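Inside the fold
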Amino acid sequence: MNQRTQPDKRIRKSIFSARTLYAIILPIFLAAFSAVAVADFVPFVIPAGPNPDSLIAAPAAGKIDTDSPRLIAEKNHFQRDGQRIRLWGVNLSMAANFPTHQAASQIAARMAQAGVNTVRCHHMDTSNWPRGIWDPASPGRLSPEALDRLDFFIDQLARKGICVNINLHVGRAHTRSLGLPATNTDYDKIVSIFTPAIIDAQKKYARDLLTHRNKYRNIRYADDPAVAVVEITNENSLFMWNGDEKLRVLPEYYEKILHAQFNAWLKTRYRSDDRLRAAWAEGAEPLGQNLIKNSDFEQPQPGQSIPLHWNLEQHDQSKARCSRQQLESKKTLKINIEQADQTEWHIQFNQRGLTLEKGKYYTVTFEAAADAPRSITCAVGQAGEPWANLGLSQKVRLTDKMTEYRFGFTAVAGETNARLSFSIGADQVPVRFANVRLRPGGRIGLREDESIGKANIALYAQTESPRRILDRMIFLAETEKKYFDLMRNYIKKDLNCKALVTGTIVFGPLGLYAQSDMDFIDAHAYWQHPRFPNRPWDAGDWLIDQKPMTDFPEQATLFRLAAERLAGKPFTVSEYNHPAPLDSQAECVPMIASFAAAQDWDGIWFYTYSHASDDWDRQTMNSYFDIDTNPAKWGFMRAGAAVFRFAGIDPLPAVRRIPLNGPEPLLDSVAGFHLRNGSNMFAVAREAARIDTATVLAGQIAQTFAEKVELAPDSSERGSLRWAAEKQNGIYAAFGPKAWVLTGHAEKFESATRGLVRVNGPEFLTMVITALDNQDLRQSTSVLIAACGRCENTEMQFASDRRTVGRNWGRAPVRIEPVDVDLVLSEGKWTCRGLAPDGTLAEEVPIEYENGRGNYRIAPRYKTMWYLLTRL
């Protein structure tokens, strides 16, 4: 992520292609007439109470009654009453799902004005009332007060045409109420997929919530058209980010359950040890010659305690020293750590100069212990720039008993200066090593003591044969799919719930397979999610890299999201954000709105409107994610609705289907893609169909498990995406019949639009020009311009590198960096007015006509991010 990336030349070229912008949109031409400095930040507080006289309010949606047509998945997309529907919405998190009755009406009206037609009820199950849905007096019971507020809120949303997405399992640890052993995951993730007691608890919660009757609508949630979507579990998969690591070290109770299921699966699949042994023998190979010199540390470096051929790296203020000692009748090398900081790699014990062959399998073995339990990391990587990992990075938990460890890996690249390294910093507990080996080969199939009959075959073994690894991946995929299919059937059939049901987000090819029978496919993405270097979610110790996504297309979230779509299913993104206080955060809403419209996705929920239920009137940004009082996000929601929900940008021409099947059985093929690419579906698309970023900018893509597919017919010839970022100085542009979206560096706007946009300031900005009456811009009589640069609270205190403000978020009012642009109108007579934060008219912007065309200037002195053009 931090490496400089050269963008694809085809991306850079496409922005200057011969296709004329005049054929896309003619009504508004922008040009800069003079260079003036942009004024200081100006307050722009969008009120919590919507003004009914707002001139930019979205058209009123039809009320969702209890007998209204339901949202359905039909012909690859969402429909209601035969009409295509795109969902444009926000999350509500924790206590924000339970506003007071007065606040509920106000929130629903405000959302409707911004074009929102869906709300995702998220993290309701994490806490007891008042932050969550559980009754604090009775741990397994739903809080009557929480349900009353949720009932009323759903009714108020429905009155404004807003449907809800109810998340079932998000933050609830059912293990605690069930009295089960503690897990090694947050919120019971991973274990909740295969542990029967936890699955039963999830069913009970689903039954209690979905069969609850809304007293304000006199209907069960399960039957209410306003409850359009049910999500089974949030970000939960056996293939999730740390899934493999967690599965290897499951607590005994959960390990035994999964172990028994794996052995039963093997028995059904192979029926005998002979068949299993023969299958797993494929690719097995004996150990070769040791590549490590002085493996037993017998030879010291002259005049030093460090062994010959070995290095003891000590960075910054970290300090350590070596000594040879006896432990349990074994000669060991002890490393005493005299001073350590928070960074593990600041003390490393390694050997360099090793030669590895790309694609070859290697086995690392060593014995190790510590004076007290602690963790270290064993890795094999390059011993020089760019210090890339070569296939092994394994966290190892040491005890005070000398233990042999064995890890295998396939070298991802050839290297003549590789190193085997043990990172032992971040802890002052001494460690000991003995008999360190790195040898080619070592893959093992079924071990001599393992048997189907004894049901003692380990789910994870060290240095496994390829077929053994493949079978584990397939077992996990089938186990996960069984869980999601079971829960979906329970919700749809046992509870007779009529809502659409999705499982969780996509985690790689096997995760996509597990979701393939859900009603639609979902995904999440964050650009520059905050990092917490020391303690998770420490509000005073976090970092966000100041990187506009516009400048890094090869790293962008949007291409990965595009590759997670499954042909034949609606596709949504139910969490998305570019967190505050990114200087470029204004790019968030317009970029995904336009990209999703061009890729013809079906729903977007931004994370998150709010986390609290009692702070709706605040006038500051208060966190990385809350967008309700952030004008760089909420200020673009109405324009974003026009772009995405009302199709201001047309879909790109065709759907390129990416086949995940091959000549081998389907799951063998899918598991192979997963093993080679992990959860990166864009890497899968690149391997399977040579998809690159230029491909996605030119047309839609979707994965498929089908053997034969055909390209969909062209859906439009008017949509256009452009993205150029040479030397991290980027411009992103989307042009459609009803909208323009531009974000990037001011100097790039002119060339990106063939001279039609030239910006004086600020240096980086986002601008959306969109018809409010859902007409082509040629015919529109009402056009909104939404634009700003940075967004900050008053007296916000940034660190010198602007990567954090810690707890110093500043005070009210929240402010925007206004833009300075001159505009030229193509034809007709117009008026232009700046708009107040409540959407009502503010100062008039004068228009001067010359040769039949009007010129006017958007300037910081108008103190707004919204301008309304009205054709007379």
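Predicted model only: the values in this text are computed from it and were never measured.

The rules behind these values
Residues numbered from 1 in each chain as written. Predicted model: local features only at pLDDT ≥ 70, side-chain atom pairs only at ≥ 80, totals over all residues. Heavy atoms only, no water. Salt bridge = Lys/Arg side-chain N within 4 Å of Asp/Glu carboxyl O. Helix = DSSP H or I, 4+ residues; strand = E, 2+ residues; numbered from the N terminus. Buried < 20%, exposed > 50% of the residue type's maximum accessible area, 1.4 Å probe, protein only. Axes fitted to C-alpha atoms, helices over the stretch in contact; angles between N-to-C directions. Parallel < 35°, antiparallel > 145°, perpendicular 65-115°, else oblique. Contact = heavy atoms within 4.5 Å. Nonpolar A, V, L, I, M, F, W, Y, C, P; charged D, E, K, R; others polar. Phe/Tyr/Trp six-rings, centres within 6.5 Å; stacked < 30°, edge-to-face > 60°. Lys NZ or Arg CZ within 6 Å of the ring centre and 35° of its normal. Pairing = 2+ DSSP bridges. Expected span 1.5 Å × (residues − 1). Polar contact = N/O pair within 3.5 Å; in protein donor to acceptor, adjacent residues only side chain to side chain.

A word on the pattern of salt bridges
Tallied over the full model, the rule gives 54 salt bridges. With its nearest N and O atoms 3.6 Å apart, the salt bridge here joins Glu-298 to Arg-324. Here Arg-324 lies in strand E15 (residues 319–327) and Glu-298 lies in the loop between helix H8 (273–280) and strand E14 (311–314), a separation of 26 residues in the sequence. Overall, the relative accessible area of 36% leaves Arg-324 in the partly exposed class.

Here we look at the packing of helix H7 (residues 252–270) against helix H9 (residues 466–494)
Helix-helix packing is described using two parameters, namely the angle between the two axes and the distance between the axes. The N-to-C vectors of H7 and H9 enclose an angle of 110 degrees; their axes lie 11 Å apart at closest approach. Comparing the axis directions of H7 and H9 gives the class roughly perpendicular. Between H7 and H9, the residues in contact are Leu-258, Gln-261, Phe-262, Trp-265, Arg-269 and Tyr-270 and Arg-467, Asp-471, Arg-472, Ile-474, Phe-475, Glu-478 and Thr-479, respectively. Here the residues of the contact of H7 with H9 are counted per class, giving six nonpolar, two polar and five charged.

Concerning the packing of aromatic side chains
Enumeration according to the criterion identifies 45 aromatic pairs in this entry. Residues Tyr-483 and Phe-484 carry aromatic rings whose centres are separated by 4.8 Å and whose planes lie at 70 degrees to one another, so their mutual orientation is edge-to-face. Judged by relative accessible area, which is 1%, Tyr-483 ranks as buried. Judged by its relative accessible area of 0%, Phe-484 falls in the buried class. Connected via pairs of aromatic rings, a cluster forms that spans Phe-297, Trp-310, Phe-349, Phe-366, Tyr-405, Phe-407, Phe-422 and Phe-433. Sitting above the plane of the Tyr-513 ring, Lys-481 keeps its charged end 5.8 Å from the centroid. A cation over an aromatic ring shows up here: Lys-547 above the ring of Phe-552, its NZ or CZ 4.4 Å from the ring centre.

A look at the sheet that holds strand E20 (residues 389–398)
Taken together, five strands build an open sheet; the order of strands is E14-E17-E22-E19-E20 and the sheet is antiparallel. Taken across any chain shown, the strands that pair with only one partner, and hence form the sheet edges, are E14 and E20. Direction aside, neighbouring strands of the sheet carry axes that sit 25 degrees apart on average. In this structure, E14 lies alongside strand E17 (residues 347–356), joined through four bridges in antiparallel fashion. Each residue of the ladder has a partner; that of Gln-314, found in E17, is Ile-347.

As for the pairing of E20
Sheet analysis places strand E19 (residues 374–382) next to E20, joined by eight bridges and oriented antiparallel. Each bridged residue has a counterpart across the sheet, and for Thr-377 the counterpart in E20 is Lys-395. Between E19 and E20, which follow one another and run antiparallel, lie six residues, and Trp-387 among them has a positive phi close to 60 degrees.

Quick look at the environment of Ile-424
Mapped onto the elements, Ile-424 comes out in the loop between strand E22 (415–423) and strand E23 (431–440). A C-alpha to C-alpha distance of 41 Å links Ile-424 and Gln-202, two positions 222 residues apart in sequence.

Some thoughts on helix H5 (residues 196–210)
The end-to-end C-alpha distance of H5, which contains 15 residues, comes to 21 Å, matching closely the 21 Å that a straight helix rising 1.5 Å per residue would cover. Where H5 is concerned, the buried positions are Ile-198, Ile-199, Ala-201, Gln-202, Lys-203, Tyr-205, Ala-206, Leu-209 and Leu-210.

Considerations on the side chain of Thr-629
You can see Thr-629 is positioned in the loop between strand E27 (603–606) and helix H13 (631–634). Thr-629 gets classed as buried once you look at its relative accessible area, which sits at 9%. Separated by 2.6 Å, the side chain of Thr-629 and the backbone oxygen of Thr-620 make a polar contact. If near-sequence neighbours (up to four positions away) are discounted, Thr-629 is found in contact with Arg-618, Thr-620, Met-621 and Val-814.

Focus on the sheet that holds strand E5 (residues 83–84)
Strand order in the open sheet formed by three strands is E3-E4-E5, with antiparallel pairing between adjacent strands. Looking at strand neighbours, the two that pair on one side only are strand E3 (71–74) and E5, the edges of this open sheet. Sheet topology places E3 next to strand E4 (residues 77–80); four bridges connect them, and they run antiparallel. Within the sheet, the bridge partner assigned to Leu-71 lies in E4 and is Arg-80.

Considering the side chain of Lys-633
Checked against the element boundaries, Lys-633 lands in helix H13. Looking at Lys-633, its side chain comes within polar contact range of the side chain of Asn-577, at 2.8 Å. Residues in contact with Lys-633, not counting those within four places in the same chain, are Asn-577, His-578, Pro-579, Ala-580, Gln-585, Cys-588, Val-589, Tyr-624 and Ile-627.

A closer look at the environment of Lys-63
Among the structural elements, Lys-63 can be located in the loop between strand E2 (42–43) and E3. The exposure class of Lys-63 is partly exposed, given its relative accessible area of 42%. A C-alpha to C-alpha distance of 8.0 Å links Lys-63 and Ile-162, two positions 99 residues apart in sequence. Setting aside anything within four residues of it in sequence, one finds Lys-63 in contact with Ser-68, Ala-158, Arg-159 and Gly-161. At 3.5 Å, the side chain of Lys-63 and the side chain of Asp-65 are in polar contact.

Topic: the packing of H9 against helix H15 (residues 666–677)
Packing of H9 against H15 brings their axes to within 9 Å, and their N-to-C directions diverge by 105 degrees. The orientation of H9 relative to H15 falls into the category roughly perpendicular. For the pair H9 and H15, the contacting residues are Arg-467, Ile-469, Leu-470, Met-473, Ile-474 and Glu-478 in the first and Leu-667, Asp-668, Ala-671, Gly-672, His-674 and Leu-675 in the second.

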